[in-house]
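Examination of the molecular architecture
Below, each chain spelled out in residue letters.
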There are 2 protein chains.
Amino acid sequence: MLSEQELAKSPLFHDISYQDYREILSCFQAVQRSFRPDELIYDFSSDAVGVVERGQASLIRIDEEGVATVLEDLGAGGVFGKTLAFAGSTGDSLEVVCRRPCDVVFIDYAHILSRCGHACQRHSILVQNMLQLMADKAQALSCRVDVLSRRSIREKLMCYFRQLSQQTGNRTFTLPFSLSTLADYIATDRSAMMRELKRLREEGTIRSEGRQFTIRQ
Amino acid sequence: MLSEQELAKSPLFHDISYQDYREILSCFQAVQRSFRPDELIYDFSSDAVGVVERGQASLIRIDEEGVATVLEDLGAGGVFGKTLAFAGSTGDSLEVVCRRPCDVVFIDYAHILSRCGHACQRHSILVQNMLQLMADKAQALSCRVDVLSRRSIREKLMCYFRQLSQQTGNRTFTLPFSLSTLADYIATDRSAMMRELKRLREEGTIRSEGRQFTIRQ
DNA sequence: CATATTGTGTGGGATATGCAACGGAAAGGG
DNA sequence: CCCTTTCCGTTGCATATCCCACACAATATG
């Protein structure tokens, strides 16, 4: 259960009064839970849709050999659920795990889509907020596809860097995760990526120290 | 303008009466247009959201060197728009082009999100349909990320094949596009992909003839 | 504090992948 | 129907990328 202040910042319940918020929780049978780092948030077994209200989580795929890949990075407003992600190969399993302390709301997807007779006003606003979050998610996934569809490590890196730079509106930015995870994110070998970073640094195309990067131009 | 029969099949106007449909078009200032193959549908200059009602289109990226990459394959129900796709590197341009004869509806995104005083019932249904389309889009993009995040051509191919197989519920399926486009879709060199396909065929992991494939198991 | 775990930086060797190029098949257009 | 364009299938060669392995720093863990 969110406090009145937290509610104001909530992406899903934006523009909804505290009174309505509580009624929605019961009407939609929504569940709100908090998580600690490394805790398992969701294992794609239920039909619920989850919304990250606060904190940070990751959607990861674990293939048959146990190799983990970061599929998505979920911040506040991040949405996930069985109906939103493809459980690709049958052998693979998907998980949402907590990175930084999280508040998450779970709502049954069918409840959101079905038009309920009463409470229609509230329902309508919630659906609109949900639509906004879905649009954001689609955009985030598009970014990811943009990066992954590049042919070489160098291009992937620069594409991703430009995205981060554009988001902060600054040529200098900080990676949201470790370099090892970055390699995972752009789906390449870590050592090969390190080599490429070195080359980019030597050429002067980028500067970096730790997780802080600056791109030229 | 759709006929009454076509309206029934429309993903965006699903569950909306013909009367309401016409009023929505004017209320939302929606525009409906048809396109012929190779015609430019959308160039990401306006803030409109487009929905493919019928036919097939592709979202492609053209980088500074003029190399085109298929980012998305849009069938009936496909959604696109500036707010839904990332204009990755500034030098690149994005386009939606017609593949097979298309009907497309354009609606201003702000119109969809803003709560209008009158016509709220219609609005609400439209937003819910939109939400459904966005969820579908997110799922499609997730699939794409799933494929692209694989490390080798072989894994990418098999991942994609399994997805198609799962969609049709059959071990045999037909590619939605040419082999050349497939190479583009999984972001690899065409000849390298052909080599890998040959190997998979020799091993007996897959069978193929033209665009028709069968996977083992 | 000692100890484990994870992250960073580097290199050598094997190979999967990209590139350029070609010829024929198939398909589309006038 | 011919002609143009796209698609398919294949090869040799160069190299970018992967895999394995190591050393050390940074961070967590008890």
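Before reading on, note that the structure itself is shown above.
This write-up is about the structure you can find in this document. Only a predicted model underlies this, so the values are computations on that prediction, with no experimental measurement involved.

**Quick look at the interface of chain B and chain A**
With 49 residues of chain B at the contact, the number on the chain A side is 48 residues. Summed over both sides, the interface of chain B with chain A buries roughly 4600 Å², with 55% coming from carbon and sulfur. On inspection of chain B and its partner chain A, the count reaches four salt bridges. Counting across the chain B and chain A interface gives six residue pairs in polar contact (both at pLDDT 80 or more). Of all elements in the fold, only β4 (68-74), α3 (109-113), α4 (120-148) and α5 (153-168) of chain B reach the threshold of two or more residues within the side of chain B that touches chain A. The element contributing the most residues to the side of chain B that touches chain A is α4 of chain B, with 20 residues. Residue composition of the side of chain B that touches chain A, grouped by class: 21 nonpolar, 16 polar and twelve charged.

**Concerning the protein's contact with DNA strand C**
Taken together, 16 residues are adjacent to DNA strand C, and Leu179 of chain A together with Ser152, Ile153, Ser191 and Arg195 of chain B come closest. Expressed as a percentage, the sugar and phosphate content of the atoms of DNA strand C within 4 Å of the protein is 52%. Ser191 of chain B places a side-chain nitrogen or oxygen 2.9 Å from a base nitrogen of DNA strand C. Elements supplying a minimum of two residues to the surface near DNA strand C: α6 (179-185) and α7 (190-203) of chain A together with α7 (190-203) of chain B. Among the residues forming the surface near DNA strand C, the class breakdown is four nonpolar, six polar and six charged.

**Structural notes on α7 of chain B**
Residues and elements named next belong to chain B. Across its 14 residues, α7 extends 20 Å between first and last C-alpha, which sits within 8% of the 20 Å expected from 1.5 Å per residue. The set of residues buried in α7 consists of Ala192, Met193, Glu196, Leu197 and Leu200. The arc enclosing the buried residues of α7, seen along the axis, measures out at 140°, which places them on a common side. More than 90 degrees from the buried face of α7, the exposed residues found are Arg195 and Glu202. Turning to α7, the residues buried within the fold contact α5, α6 (179-185), β8 (206-209) and β9 (212-215). Residue Gly204 follows α7 closely and has a positive phi angle near 90°.

**Some points on the protein's contact with DNA strand D**
In the vicinity of DNA strand D there are 16 residues, among which Ser152, Ile153, Asp189 and Arg195 of chain A together with Arg190 of chain B approach most closely. Interatomic distance of 2.9 Å between a backbone N/O atom of Ile153 of chain A and a phosphate oxygen of DNA strand D. A distance of 3.1 Å separates a phosphate oxygen of DNA strand D from a polar backbone atom of Ser180 of chain B. Within the residue set of the surface near DNA strand D, elements represented by two or more residues are α7 of chain A together with α6 and α7 of chain B. Broken down by element, the residue count for the surface near DNA strand D peaks at five residues, all from α7 of chain B.

**Details of the nonpolar core**
Membership of the largest hydrophobic core comes to 100 residues, with the highest contact counts inside it found for Phe13 and Ile41 of chain A together with Phe13 and Ile41 of chain B. Setting aside anything within four residues of it in sequence, one finds Ile41 of chain B in contact with Phe35, Ala57, Phe80, Val96, Val97, Cys98, Cys102, Val104 and Phe106 of chain B. Membership of the second largest hydrophobic core comes to 22 residues, among which are Leu164, Phe177, Leu182 and Phe213 of chain B.

**Some thoughts on the side chain of Asn129 of chain A**
Residue position: Asn129 of chain A is located in helix α4 (residues 120-148). Among the polar contacts made by the side chain of Asn129 of chain A, one reaches the main-chain carbonyl oxygen of His14 of chain A at a distance of 2.8 Å.

**Overview of the relation of the copies chain B and chain A**
After a rotation of 180° and a shift along the axis of 0.1 Å, chain B superposes on chain A with an RMSD of 0.2 Å. The two molecules are tied by a two-fold rotation axis, judged by turn and shift.

**Focus: the pattern of salt bridges**
Pairing of side chains with opposite charge becomes possible as their charged atoms draw close. Following the criterion strictly, the structure yields 20 salt bridges over all chains and no others. Arg61 of chain A serves as the salt-bridge partner of Asp146 of chain B, at 2.4 Å between the closest nitrogen and oxygen. Here Arg61 of chain A lies in strand β3 (residues 48-62) and Asp146 of chain B lies in helix α4, a pairing that spans two chains. The class for Asp146 of chain B is buried, based on a relative accessible area of 2%. With a closest N to O distance of 2.8 Å, Arg154 of chain A and Glu203 of chain A form a salt bridge. Pair noted here: Arg154 of chain A is in helix α5 (residues 153-168) and Glu203 of chain A is in helix α7, with a separation of 49 residues, a long-range link. Of the residues examined, Arg154 of chain A reaches a relative accessible area of 28% and is grouped as partly exposed.

**Observations regarding the pairing of strand β6 (residues 93-108) of chain A**
Residue and element names in this part refer to chain A. In terms of strand pairing, strand β1 (residues 31-35) meets β6 through five bridges, oriented antiparallel. What sits directly across from Ser34, in β6, is Asp103. Pairing of strand β2 (residues 40-42) with β6, which is carried by two bridges, proceeds in the antiparallel orientation. Residue pairing for β6: Tyr42 is matched across the bridge by Val96. Pairing geometry for β3 and β6, over 13 bridges, is antiparallel. Bridge pairing links Ile62 to Ser93 in β6.

Cut-off values and rules
- Residues numbered from 1 in each chain as written.
- Chains lettered and ligands numbered in written order.
- Predicted model: local features only at pLDDT ≥ 70, side-chain atom pairs only at ≥ 80, totals over all residues.
- Heavy atoms only, no water.
- Contact = heavy atoms within 4.5 Å.
- Buried area = accessible area lost by both parts, 1.4 Å probe.
- Salt bridge = Lys/Arg side-chain N within 4 Å of Asp/Glu carboxyl O.
- Polar contact = N/O pair within 3.5 Å; in protein donor to acceptor, adjacent residues only side chain to side chain.
- Helix = DSSP H or I, 4+ residues; strand = E, 2+ residues; numbered from the N terminus.
- Nonpolar A, V, L, I, M, F, W, Y, C, P; charged D, E, K, R; others polar.
- Near = heavy atom within 4 Å.
- Expected span 1.5 Å × (residues − 1).
- Buried < 20%, exposed > 50% of the residue type's maximum accessible area, 1.4 Å probe, protein only.
- Arc of directions from axis to C-beta.
- Core = buried A, V, L, I, M, F, W, Y, C linked by side-chain atoms within 4.5 Å.
- Least-squares fit on C-alpha atoms with pLDDT ≥ 70 in both.
- Pairing = 2+ DSSP bridges.

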